[in-house]
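# Residue-level structure breakdown
The chain contents come next:
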Amino acid sequence: MNVKSDALEADRALKARHRKMWALGDYPAVAAEIIPDLGAILVEACGVGRGDRVLDVAAGSGNAAIPAALAGASVVACDLTPELLEAGRALAAQRGAKVEWRQADAEALPYADGEFDTVLSCVGVMFAPHHRAAADELIRVCRPGGTIGLLNWTPEGFIGQMFATMKPYAPPPPPGAQPPPLWGSEDHVRALLGDAVTDVVARRQTVTIDRFAHPDAFRDYFKANYGPTVAVYRGMTGDPDRVAALDHALTELARRHLQGEKKTVMEWEYLLLTARKRG
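Calculation criteria
- Residues numbered from 1 in each chain as written.
- Predicted model: local features only at pLDDT ≥ 70, side-chain atom pairs only at ≥ 80, totals over all residues.
- Heavy atoms only, no water.
- Core = buried A, V, L, I, M, F, W, Y, C linked by side-chain atoms within 4.5 Å.
- Buried < 20%, exposed > 50% of the residue type's maximum accessible area, 1.4 Å probe, protein only.
- Helix = DSSP H or I, 4+ residues; strand = E, 2+ residues; numbered from the N terminus.
- Contact = heavy atoms within 4.5 Å.
- Arc of directions from axis to C-beta.
- Pairing = 2+ DSSP bridges.
- Axes fitted to C-alpha atoms, helices over the stretch in contact; angles between N-to-C directions.

### Describing the nonpolar core
- In terms of nonpolar packing, the biggest core is built from 90 residues, with Leu55, Trp153, Met162, Trp183 and Trp268 touching the most fellow members.
- Here this core gets 7 residues from one element, more than from any other, and that element is strand β7 (residues 266–277).
- When residues no more than four places from it in sequence are discounted, the contact partners of Trp153 are Ile35, Leu38, Val123, Met126, Ile159, Pro181, Gly184, Val207, Trp268, Glu269 and Tyr270.

Structure, rendered in structure tokens:
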């Protein structure tokens, strides 16, 4: 087997692991119960309107795709994980949103150059392991003059810190894979998009989370529902000391971020960035 075929096989195996990871737990519940408004915030920032051709990359269960369709756009939602697409179909039907759902890799999108007016991703494309490849695809399928919109967790914010907390307990990433929260760094995203875009608007914002009455409630919810967290714990099956250590670390992370009079509110930071593809 030559070097190129070795690399292709390694990439297929990596993507298979990603599909399996996001099928664990119940990400559609996380999207609907914890961050239901983020997709609509991104859609509004992109100025999506009636008749626009929109692609939601790494769409999950449609947190951005469904609001875009309800705004009158013609929407395609693609994701690597079939189970998330199935959940999205059901949610779209419940809300009366017409969306085309398609399994696809964010690093190799099955669409023509310049096919879409708006290409967006809400805490989705950040989990594609090869950032340059994913960014190049976002740019390629957007028409000249079209909009690219991204909403991603920052490295310094709560979810970025959660991934940093889990990192010592997870297997090392494969060569070439980059940390997801880098997509929440304005400098990193500007470097990825480069001269292909203009009119970049980037701002850090927070979403208020008031679901968790105490730190253990956050930890237990994510252990049960959030694929990356479920996967880390499954990888430690049979090592109760490491499980206990991560339990403690996640509980303390939540304790440091819970605010308010009753210590039941968190503010999770994200980067909202829009740009226009050069004509």
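### A few points about the environment of Gly184
- Relative to the elements of secondary structure, Gly184 occurs in the loop between α7 (158–166) and α8 (186–193).
- In this structure, the C-alpha to C-alpha distance between Gly184 and Leu253, residues 69 residues apart in sequence, is 19 Å.
- Setting aside residues up to four positions removed in sequence, Gly184 forms contacts with Asn152, Trp153, Thr154, Pro155, Arg204 and Leu271.

### Some words on α8
- Looking only at α8, the buried set comprises His188, Val189, Leu192 and Leu193. An end-on view of α8 places all buried positions within 125° of arc, on one side of the element. Exposed residues pointing more than 90 degrees away from the buried face of α8 are listed as Asp187 and Ala191.
- Taken from the residues just after α8, Gly194 is the one with a positive phi, measuring 55°.

### Comments concerning unusual backbone geometry
- For Asp199, which is not glycine, the phi dihedral falls at a positive 55°.
- Looking at the secondary structure, you find Asp199 in strand β6 (residues 197–209).
- Unusually for a residue other than glycine, Lys263 sits at a positive phi of about 55°.
- Residue position: Lys263 is located in the loop between α11 (240–257) and β7.

### With respect to the sheet that holds strand β4 (residues 116–122)
- Taken in spatial order, the 7 strands line up as β3-β2-β1-β4-β5-β7-β6 in an open sheet, and their pairing is mixed. Of all the strands in the sheet, just β3 (99–103) and β6 have a single pairing partner and so form its edges. Strand-to-strand, the axes of this sheet are offset by a mean angle of 15°, without reference to chain direction.
- Pairing geometry for strand β1 (residues 53–57) and strand β2 (residues 74–79), over 5 bridges, is parallel. Considered in β2, the bridge of Arg53 is made with Ser74.
- Its contacts with the sheet put helix α6 (residues 131–141) on β1, β4, β5 (142–153) and β7, and the angle it makes with β5 is roughly 140°.

Such coordinate-based values are descriptive only and should not be taken to indicate function.
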